[in-house]
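So you can see what is in the structure, the chains are spelled out below.
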Amino acid sequence: SFSKEFAIKQQNEHKKTIMKNAIFFFFLITLSISATAQLKATVTCPELVVNILQGHVNNLGPDFSSAQIKQALPCFSSDEPESDSSKCGGLLSYKDKGIYFYTGRDYIEIHENFKGKLSLPLMGADRKNLFQMLGYPKLKDVDWDAFATAYGIIILRYNKAGKVMMIQFSKKTVDTIKLCE
């Protein structure tokens, strides 16, 4: 009878030890998960302000590096590094804001869905009314006009109704710019 009681007591102690170890193990896992969990603030960007006549976005020029742009505008949606294998020589996209920095080709592209301020109300403007703001185009085509500026070039692309649907600008000239198609 004593050995039976001793065996039962040992089994109970063994069960208690297993339970203590299981609880301790569960506690360690919970602690390690909470230790690695971090609160991450949503990356926000300042309001985008495009100065068409000076050729910059928030004082970032078309010839700025990807690192300089990322530092000033950290909320980019995608990044294609500059390399020989990249499609457009490097691209920093802000798709939800409607703006793209082609860092390898040194130009900035603004789409119809642009969320920010333009120093000149070009987006959606009628092609016939642009002379007052930009003068005569240096080059014309059916769907676009290229205007010389003090810093380089502005290319305006039009929809079928003759309204501006895209703005591209660079410090390069009509002869040296290479756009990504």
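Rules behind the numbers
Residues numbered from 1 in each chain as written. Predicted model: local features only at pLDDT ≥ 70, side-chain atom pairs only at ≥ 80, totals over all residues. Heavy atoms only, no water. Pairing = 2+ DSSP bridges. Helix = DSSP H or I, 4+ residues; strand = E, 2+ residues; numbered from the N terminus. Phe/Tyr/Trp six-rings, centres within 6.5 Å; stacked < 30°, edge-to-face > 60°. Buried < 20%, exposed > 50% of the residue type's maximum accessible area, 1.4 Å probe, protein only. Contact = heavy atoms within 4.5 Å. Polar contact = N/O pair within 3.5 Å; in protein donor to acceptor, adjacent residues only side chain to side chain. Salt bridge = Lys/Arg side-chain N within 4 Å of Asp/Glu carboxyl O.

J.: Before we go on, may I ask you to explain the pairing of strand β9 (residues 144–148) in this structure?
T.: Two faces, one strand: in a regular strand the side chains alternate between the faces of the sheet. Here strand β8 (residues 139–140) pairs with β9 via two bridges, running antiparallel. Following the sheet pairing, Lys140 is matched in β9 by Asp145. Hairpin connection, β8 to β9: the antiparallel pair is bridged by three residues. With antiparallel pairing between neighbouring strands as the criterion, β9 and strand β10 (residues 153–158) make up a hairpin whose turn holds four residues.

J.: Teacher, can you tell me more about the packing of aromatic side chains here?
T.: Any two aromatic rings considered together are summarised by their centre-to-centre distance and by the angle between their planes. If you walk through the whole model with that rule in mind, you get five aromatic pairs. Centroid distance Tyr94 to Phe101: 5.7 Å. Interplanar angle 75 degrees. Geometry classified as edge-to-face. Grouping residues by exposure puts Tyr94 and Phe101 together as buried. Ring centres of Tyr151 and Phe169 lie 6.3 Å apart, and the angle between their planes is 75 degrees; on these two criteria the pair is classed as edge-to-face. Of this pair, Tyr151 sits in the loop between β9 and β10 while Phe169 sits in strand β11 (residues 164–170), and the two are 18 residues apart along the sequence. Like Phe169, Tyr151 is buried.

J.: Quick question: what am I supposed to make of the environment of Tyr151 here?
T.: Taking the relative accessible area as the measure of exposure, Tyr151 reaches 14% and is therefore buried. In contact with Tyr151, other than residues within four places in its own chain, are Ile52, Leu53, Gln54, Gly55, Phe169, Ser170 and Lys171. One polar contact links the side chain of Tyr151 to the main-chain carbonyl oxygen of Ile52, over a distance of 2.8 Å.

J.: It is not clear to me how the pattern of salt bridges should be interpreted in this structure. Could you clarify?
T.: When charged atoms on two side chains of opposite charge get close, those side chains can pair. If you walk through the whole model with that rule in mind, you get five salt bridges. Between Glu47 and Lys117 there is a salt bridge; the shortest N-O distance is 3.8 Å. Of this pair, Glu47 sits in the loop between α1 (2–36) and β1 (49–51) while Lys117 sits in strand β7 (residues 117–118), and the two are 70 residues apart along the sequence. Between Asp145 and Arg127 there is a salt bridge, with the nearest N and O atoms lying 2.7 Å from each other. Placement of the pair is Asp145 in strand β9 and Arg127 in the loop between β7 and α3 (131–134), with a sequence separation of 18 residues. Under the relative-accessibility criterion, Arg127 is labelled partly exposed at 23%.

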